[in-house]
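# Commentary on secondary and tertiary structure
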Amino acid sequence: MAEIVKTVYEHHPYPPRKKEDVFKRGYLSTLPIINAIFWGGKRDLDNCVFVDVGCGTGDNTMDMADHLRETSAKVIGLDISKSALDIAKERAKRVGLENIEWIEGSLLNIEEYGISADYLICCSVLPHLDNPDEGFAVLSKAIKKDGGAGFKIYGKYGRWPVHLMQKVWGVINRNVKDEEERFRNAAQIVSLLPSFHPYKRIPVKYTIDLRYDALLLNHTKPYSVLDIYETLDKAGLKLVRFREMARYRPETYLGNRFEKQISSLDEKEYYHLGEMLNGTIPHHTFFACPRDFTPFEQNPENEEAVPFFPRSPASNFEAVPPDKSIVIDLKRGRMNYRIIVPPQFREVFSLINGENKVKDVLEELRAKDEEKAERFWKTFSRALVDLDLLFLKRP
Ligand SMILES: C[S@@+](CC[C@H](N)C(=O)[O-])C[C@H]1O[C@@H](n2cnc3c(N)ncnc32)[C@H](O)[C@@H]1O
């Protein structure tokens, strides 16, 4: 099985990138966000070690290395596929990134490389292992006690039509060894599916790419929120936050109905309910850390915390007349979110400047409208934090 994975990624380095392609910015590799989430923005990145496990053709590795150009931090990209690493190395060279060490090998042997990571990314890799839970456990040992990790794995409910098709392809290709023939068979089956088949109805981006999904047969293990909690716990880790927490909150779908039932749930049941109510979450992207470490809480009601925008969510709002509300409409996956800023609070965007504390922002808002300020801040800041647009750090 591990051989199949290695062969597929050796023949088809992922993501498919040419040597001259510029790297992409990634969520799990954005250093200001990582620093805020784990260390309240106070980690001195200079002597830190950042590792991209199963780095493929190098997008996340390069993104981190680019953030860290001016530091003496060490960035490591590790992958089992030599051809993927060759592309990654060439791409990094072209953009002058000299702060990356590349390791060709299996993550299961990470201990041999003596890695002790401040932060480790493992994006769309672990589900391909024979035993993904073993992967979590091995990686857990390579993270410092006060370190963090970012993972992306496949969702059990949102991506189920792909997992269903992997079973179909597995049956048809059971005795087919040739990779091209297996792929041709898989593509032909897809073309013959009736239009009502769930696989025909899912957005293309829910699949990695027909070639990878089909060739990796039924070897991509999907996870529900409950599975994630159980697996992290076994590995000595705990969840810090999901990407786009809003999707995992039952209130996003149920509003203030069923409040009593929802408030009786523990954390994992609560987010699992959100996942089931959404029903289409194809991947789970999340941050985790060692069980005994307490990362900085992303709580916008902590008046001592300093809120900041990694990117401004309201770059076009200058065009709104001063007496009108600013309306931010966001589309994320299949969800639409709307955030409204009444005219008297429009200054909130400039008050969030990475220096003011929450209490400074609140004070200014209260001066505009004593009665509504608190309530506005609560709704506004929570919505932005849940959509990964606003983060908090220590003063
Ligand atoms: C879907 S790609 C993801 C690439 C990259 N992390 C990204 O998200 O763009 C999976 C990568 O994991 C690598 N991989 C699979 N099993 C591995 C293992 N046991 N050790 C290290 N890398 C592995 C593959 O070679 C491939 O490059």
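Calculation notes
- Within every chain, residues take consecutive numbers counted from 1 along the sequence as written.
- Where totals are concerned, whole chains, interfaces and linings use all residues; where local detail is concerned, this predicted model gives features only for residues with pLDDT of at least 70, and gives and counts side-chain atom pairs only at 80 or more.
- Numbering of helices and strands runs from the N terminus, with a helix taken as a DSSP run of H or I at least four residues long and a strand as a DSSP run of E at least two residues long.
- C-alpha atoms define the radius of gyration in this analysis, and the globule rule sets the expected value at 2.2 Å times the number of residues to the power 0.38.
- Here a residue counts as buried when 20 or more other C-beta atoms fall within 10 Å of its C-beta, as exposed when 12 or fewer do, and as partly exposed in between; the C-beta atoms come from the backbone.
- Any two residues are considered in contact once their C-beta atoms, placed from the backbone, lie within 7 Å.
- For each domain, the first and last residues come from an automatic or database assignment.
- Side-chain classes are defined by residue name, with Ala, Val, Leu, Ile, Met, Phe, Trp, Tyr, Cys and Pro counting as nonpolar, Asp, Glu, Lys and Arg as charged, and the others, Gly among them, as polar.
- Angles run from 0 to 180 degrees between N-to-C directions of axes, and those axes are lines fitted to C-alpha atoms, restricted for helices to the stretch in contact.
- Roughly parallel means an angle under 35 degrees; roughly antiparallel means over 145; roughly perpendicular covers 65 to 115; every other angle is labelled oblique.
- For a crossing to be left-handed, the near helix must be turned anticlockwise from the far one by less than a right angle; the clockwise case is right-handed.
- We define a nonpolar core as a collection of buried residues of the types Ala, Val, Leu, Ile, Met, Phe, Trp, Tyr and Cys that are connected via C-beta atoms lying within 7 Å of each other.
- Should the C-beta atom of a residue, placed from the backbone, lie within 6 Å of a molecule or strand, that residue is near it.

### Thoughts on the overall build of the protein chain
Helix and strand counts for the protein chain stand at 16 helices and 12 strands. The C-alpha radius of gyration of the protein chain comes to 22 Å, within 12% of the 21 Å expected for a compact globule of 395 residues. Counting only C-alpha atoms, the protein chain reaches 70 × 55 × 40 Å along its principal axes. The buried share among the 395 residues of the protein chain stands at 39%. Put simply, of all contacts in the protein chain between residues at least 6 apart along the chain, 79% involve residues at least 24 apart.

### Some words on the domain arrangement of the protein chain
Once the domains are mapped, the protein chain shows domain 1 (12-157 + 220-290), domain 2 (161-215) and domain 3 (306-393). In this structure, domain 1 and domain 3 have C-alpha centres spaced 28 Å apart. Contact with domain 1, which involves 13 residues of that partner, is made by 11 residues of domain 3. Each residue belonging to the side of domain 1 that touches domain 3 can be placed in one class, and the counts come to 5 nonpolar, 4 polar and 4 charged.

### As for helix 3 (residues 59-67)
In terms of burial, helix 3 is largely enclosed, as 8 of its 9 residues are buried. Residues of helix 3 that are buried include every one of Asp59, Asn60, Thr61, Met62, Asp63, Met64, Ala65 and His67, and no others. Elements in contact with the buried residues of helix 3: helix 2 (31-39), strand 1 (49-53), strand 2 (74-79), helix 4 (82-94), strand 3 (100-104) and strand 4 (117-123).

### Digging into the packing of helix 5 (residues 132-140) against helix 10 (residues 225-234)
One way to put it is that helix 5 packs onto helix 10 with a least axis distance of 8 Å and a crossing angle of 45°. The angle between the axes of helix 5 and helix 10 places the two elements in the oblique class. As helix 5 runs across helix 10, the sense of the crossing is right-handed. From helix 5, Asp133, Phe136 and Ala137 reach across to helix 10, where they touch Thr231, Leu232 and Lys234. Here the contact of helix 5 with helix 10 is built from residues that sort into 3 nonpolar, 1 polar and 2 charged.

### Concerning the nonpolar core
Grouped together as the largest cluster of nonpolar side chains are 86 residues, with contacts concentrated most on Val53, Leu120, Cys122, Leu139, Ala149 and Ala288. When residues are assigned to domains, this core turns out to be shared by domain 1 (12-157 + 220-290) and domain 3 (306-393), each giving three or more. Among residues more than four places away in sequence, those in contact with Ala149 are Tyr119, Leu120, Cys122, Leu139, Ile143, Phe287, Ala288 and Cys289.

### Observations regarding the site of the ligand
Contacts to the ligand come from 20 residues, most closely from Tyr9, Gly54, Gly56, Ser81 and Cys123. Looking at the shell around the ligand residue by residue, the class counts come to 12 nonpolar, 6 polar and 2 charged.

### A closer look at the environment of Val75
By the element assignment, Val75 lies in strand 2. C-beta crowding within 10 Å serves as the criterion here: with 27 such atoms nearby, Val75 is assigned to the buried category. As for Val75 and Leu362, which are separated by 287 residues in sequence, their C-alpha atoms are 39 Å apart. Those residues in contact with Val75 that lie beyond four places of it in its chain are Phe50, Thr61, Met64, Ala65, Leu68, Asn99 and Ile100.

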